Amino acid sequence: MIVRPRKEDHLVIGKYTGKVIVGVGLLMCIPLVTSIAFAEWDTAVDFIIAISACMVFGFGTQALCRTHKDLSWSHGLVVASGSWFFATALGALPHFLSGHAGSYLDTLFDVMSGYTTTGLYLLQDLDHVANGLNMWRHLLTYAGGQGIVVIALTFLFKGTAGAYKVYVGEGKDERLLPNVIQTARAIWLVSLTWLGLGTLFLGVRGMMLGQGPVRAFLQGLWVFMGAWSTGGFAPQSYNTFWFHDIGYEVICVVIFIAGSFNFAMHWAMWTGKREEIRKNVETISFFITLTVTTLVVTFFLAQANIYPDAMSLFRKVFYQLASAHTTTGFSTIYSRSFVTQWGPVGLIVTTIAMAIGASACSTGGGIKGIRMGVISKALVQDVRRMISPESSVIMEKYHHIKDTWLSDGLVRGAMTVTIAYLTLYGIGAIIGAMYGYPLEQAAFEMVSACSNTGLSCGITQPFMPDLLKVVYTLGMWLGRLEFMSVFALIGYGVAVVRGK
Amino acid sequence: MRNRLVPGMLLVTMLFALAAAPAMAADAPIPPNNPTSTQLVNTQNVPGDITKGLFWNGKTVTFHGEAIGEVMVRGDYAWIHLNDDAYMEKNVEEGATLAGYNSGMAIWVPAELTKQIDTYGDYKHEGTIVEITGVFNAACKEHGGDMDIHATSLRIIRPGHLVVDPIAPWKVWLALALIALAFGLWRLDRMTRNRISPHRGV
């Protein structure tokens with residue numbers, strides 16, 4: 001029997017969703033200040049409207065949903081996915097008011113892409129958008145990478161046992177510190193330190209490349225946000241191809257690989273446990289799959305004689321593959337070059353790298369390295385069992401912060417989420433193919449959306465079918481929240497309608 | 001008197017037409033590139049076969065577009081980016097119809113030539129429209145495999161200009177109404193919180 005949620009359930013969900021949306025409104029003050037600083041008055045008014053709309057929603061729901069009840073697990077999941085839904089709808093206002101979007105659906109696509117750190121976009125004439133709007137695009141992806149609920153936890157929740165349930169609902173389950181609010185603040189401490197250093201390096205490099213100081217540091221900040229969050233947004237339509245510099249690319253690679261690592265590993269490194277990077281199952285899994293995919297594409301493109309020398313070949317292949325594998329989405333080639341220069345093998349291997357994705361509890365998406373590690377270990381365990389005497393007990397363990405013995409439950413959990421991702425990838429690829437796109441291109445684009453990567457082979461366009469925009473938007477949302485929170489929201493909706 | 005008036009009016013009309021002619025010519029639509037940036041990226045020698053390379057690779061092309069962003073000078077040469085998209089002559093802030101993404105080409109050009117470019121396109125500027133002639137590289141050996149054009153000549157087709165994005169009055173009214181509503185709800189939230197909840201700041 002489905003139990004219909006009671007009034008108290010609605011109130012607690014409304015109250016905490018309102019808090020998160022107030023956080024989104026406060027976040028918009030940064031692009032507002034940027035617009036004012038650059039005298040972009042029309043854009044500034046757009047942000048005032050959007051901030052006010054967030055405050056109306058946030059204060060309105062908090063005033064209406066007055067309750068002392070704390071969050072349960074199901075509430076936490078619904079608040080997380082519901083907050084993302086409303087944060088997307090309201091966060092899209094500046095995009096829509098700018099006049100650069102073809103429809104509100106396009107703006108929802110862009111904002112969901114930002115929050116989920118995907119990096120696909122439908123905004124048109126990007127090369128003429130205001131600095132304020134560019135700041136918002138990149139801030140969305142930077143904040144989304146840490147988790148918008150993490151922002152609210154950090155600044156707006158003052159110690160509640162239920163906070164952890166919202167935090168988990170956003171696809172994160174690592175407790176770096178005993179208290180979840182402290183954990184959220186620790187995530188911000190790590191991220192802001194990287195922000196300062198990354199922007200400095202990129203800004204200085206930009207000036208060395210011939211950029212003016214303001215533009216170099218502003219673009220350095222935005223490129224950092226796109227890299228660290230593994231978002232892939234860039235201030236120009238040319239993405240990081242704009243800079244034509246191996247030094248800039250190296251800095252970007254360092255930042256987006258670091259951004260793709262688990263926050264728990266960052267915290268271990270931060271607190272002096274340097275050996276964690278060598279021992280962690282996720283980093284081992286990442287470096288193995290990155291090496292294999294890079295070697296395969298390098299071999300095939302060398303055969304096809306696409307690039308003029310070995311250095312160019314390696315530079316292009318490694319950058320795109322590292323970007324794909326960390327689910328960043330930065331590129332130094334044109335979108336259509338994946339089709340016209342890389343061909344089917346390049347497309348398929350890049351798709352595999354995106355599908356595997358980054359680390360759990362990071363800013364990245366995809367199936368995640370830890371699941372690949374667990375499934376690989378389980379496979380090894382099964383093979384060892386087959387070749388060992390029946391009476392022997394074969395155990396496998398993996399290292400992630402601490403050593404953990406492999407259990408059937410753990411493997412089943414990893415397999416369930418992996419199958420869910422593969423199903424989602426498959427459904428989207430078939431829908432794309434039904435619209436007439438070649439299957440490998442449709443698969444590339446859908447995997448890119450659902451793994452929150454953001455590379456495109458040219459299917460994502462402002463004039464692509466609306467249904468495909470909806471499919472990719474839902475794919476980004478499901479992929480980022482790792483299904484459970486969205487399923488909980490759907491279940492909540494069903495319970496409201498059909499519960500007793 | 002009448003005999004003088006008619007030739008006089010004709011003369012004035014002719015002078016006006018002559019004065020307006022350059023401006024009218026400047027506003028005449030610029031024909032599309034042949035090849036466009038999209039064609040440069042997409043056209044393969046043998047469709048579907050990457051091993052046969054791109055059709056325009058190594059060929060000399062004449063290409064024009066809006067200079068966008070900035071010039072990045074690297075020694076005697078510089079990078080500029082020319083967009084030959086739907087926003088080349090008029091951008092969204094000036095009322096251009098939305099027509100898809102930006103598209104363009106990276107150009108490696110002697111730095112001296114870029115001094116002719118007065119404006120680079122951004123939110124507040126429509127960039128100078130520039131025509132270059134040079135060799136298209138599908139994967140440039142000199143630049144780490146980047147797709148680019150090495151230009152040997154550059155000429156200005158149309159100078160850039162400032163772009164004004166005026167504030168729409170309805171936006172101001174909407175903003176004021178929402179601010180008032182948000183403030184009212186904030187006050188209501190504070191008042192009801194004080195009245196109902198003993199746990200302030202939860």
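Quick notes on the rules
Going along each chain's sequence as written, the residues are numbered from 1 onward. By the order in which they are written, chains take letters starting at A while ligands take numbers starting at 1. It should be noted that, the model being predicted, local features are given only for residues of pLDDT at least 70 and side-chain atom pairs only at 80 or more, the latter also being counted only at that level, while totals for whole chains, interfaces and linings use all residues. Each helix is a run of H or I in the DSSP string that is no shorter than four residues. Each strand is a run of E no shorter than two, and both are numbered from the N terminus. In this treatment the radius of gyration is a C-alpha quantity, and the globule benchmark scales as 2.2 Å times the residue count to the 0.38 power. Any two residues are considered in contact once their C-beta atoms, placed from the backbone, lie within 7 Å. Using C-beta atoms placed from the backbone, we call a residue buried if 20 or more other C-beta atoms fall within 10 Å of its own, exposed if 12 or fewer do, and partly exposed for counts in between. Any two strands are treated as partners once DSSP identifies two or more bridges connecting them. Here the expected span of a helix is defined as 1.5 Å times the quantity of residues minus one.

S.K.: Would you explain the overall build of chain A in this entry?
M.R.: Secondary structure summary: chain A contains 22 helices and 2 strands in total. For chain A, the C-alpha radius of gyration of 22 Å lies close to 23 Å, the compact-globule estimate for 500 residues. Oriented by its inertia axes, the alpha-carbon framework of chain A measures out at about 65 × 65 × 50 Å. In chain A, of all internal contacts separated by at least 6 residues, the share reaching a separation of at least 24 is 74%.

S.K.: How should I be thinking about the overall build of chain B in this particular structure?
M.R.: A count of helical and extended segments in chain B gives 3 helices and 8 strands. Reading chain B from its N end, one meets helices and strands in the order α-α-β-β-β-β-β-β-β-β-α. With 202 residues in all, chain B has 35% of them scored as buried. For chain B, long-range pairs separated by at least 24 residues make up 62% of all intrachain contacts whose partners lie at least 6 apart in sequence.

S.K.: Just to check I follow, could you spell out the environment of A:His400 for this structure?
M.R.: Residues and elements named next belong to chain A. With respect to the helices and strands, the residue His 400 is situated in strand E1 (residues 397-400). Residue His 400 is classed as buried on the basis of its 24 C-beta neighbours within 10 Å. Spatially, the C-alpha atoms of His 400 and Ile 370 are 8.2 Å apart, while their sequence positions differ by 30 residues. If we ignore the near neighbours within four places in the chain, the residues touching His 400 are Asn 280, Val 281, Glu 282 and Ile 370.

S.K.: What's the story with the interface of chain A and chain B in this structure? I'm lost.
M.R.: How large an interface is tends to be reported as the accessible area lost when its parts come together. The interface of chain A with chain B comprises 62 residues on the first partner and 55 residues on the second. Broken down by secondary-structure element, the contributors of at least two residues to the side of chain A that touches chain B are helix H3 (41-64), helix H16 (310-325) and helix H17 (337-356) of chain A. By residue number, the principal contributor to the side of chain A that touches chain B is H3(A), which donates 14 residues.

S.K.: Is there a simple way to think about the pairing of E1(A) in this case?
M.R.: On any regular strand, side chains alternate: one points to one face of the sheet, the next to the other face. Residues and elements named next belong to chain A. Of the two faces of E1, only the one carrying Tyr 398 and His 400 is buried; Lys 397 and His 399 on the other face are not. As judged from the 4 bridges shared by E1 and strand E2 (residues 402-405), these two strands associate in the antiparallel manner. Within E2, the position partnered with Tyr 398 by the bridge is Thr 404. The hairpin formed by E1 and E2 contains 1 residue between the paired strands, and Ile 401 there has a positive phi angle of roughly 70 degrees.

S.K.: Which parts of the structure should I look at to understand helix H6 (residues 104-115) of chain A?
M.R.: Two residues of an α-helix separated by three or four positions point the same way, owing to the 3.6 residues in each turn. Residue and element names in this part refer to chain A. Here H6 contains 12 residues, and its C-alpha end-to-end distance of 16 Å stays within 8% of the 16 Å for a straight helix at 1.5 Å per residue. Extensive coverage of H6 is indicated by the burial of 10 of its 12 residues. Along H6, the residues classified as buried are Asp 106, Thr 107, Leu 108, Phe 109, Asp 110, Val 111, Met 112, Ser 113, Gly 114 and Tyr 115. Just past H6, the residue Thr 117 takes up positive phi, approximately 60 degrees.

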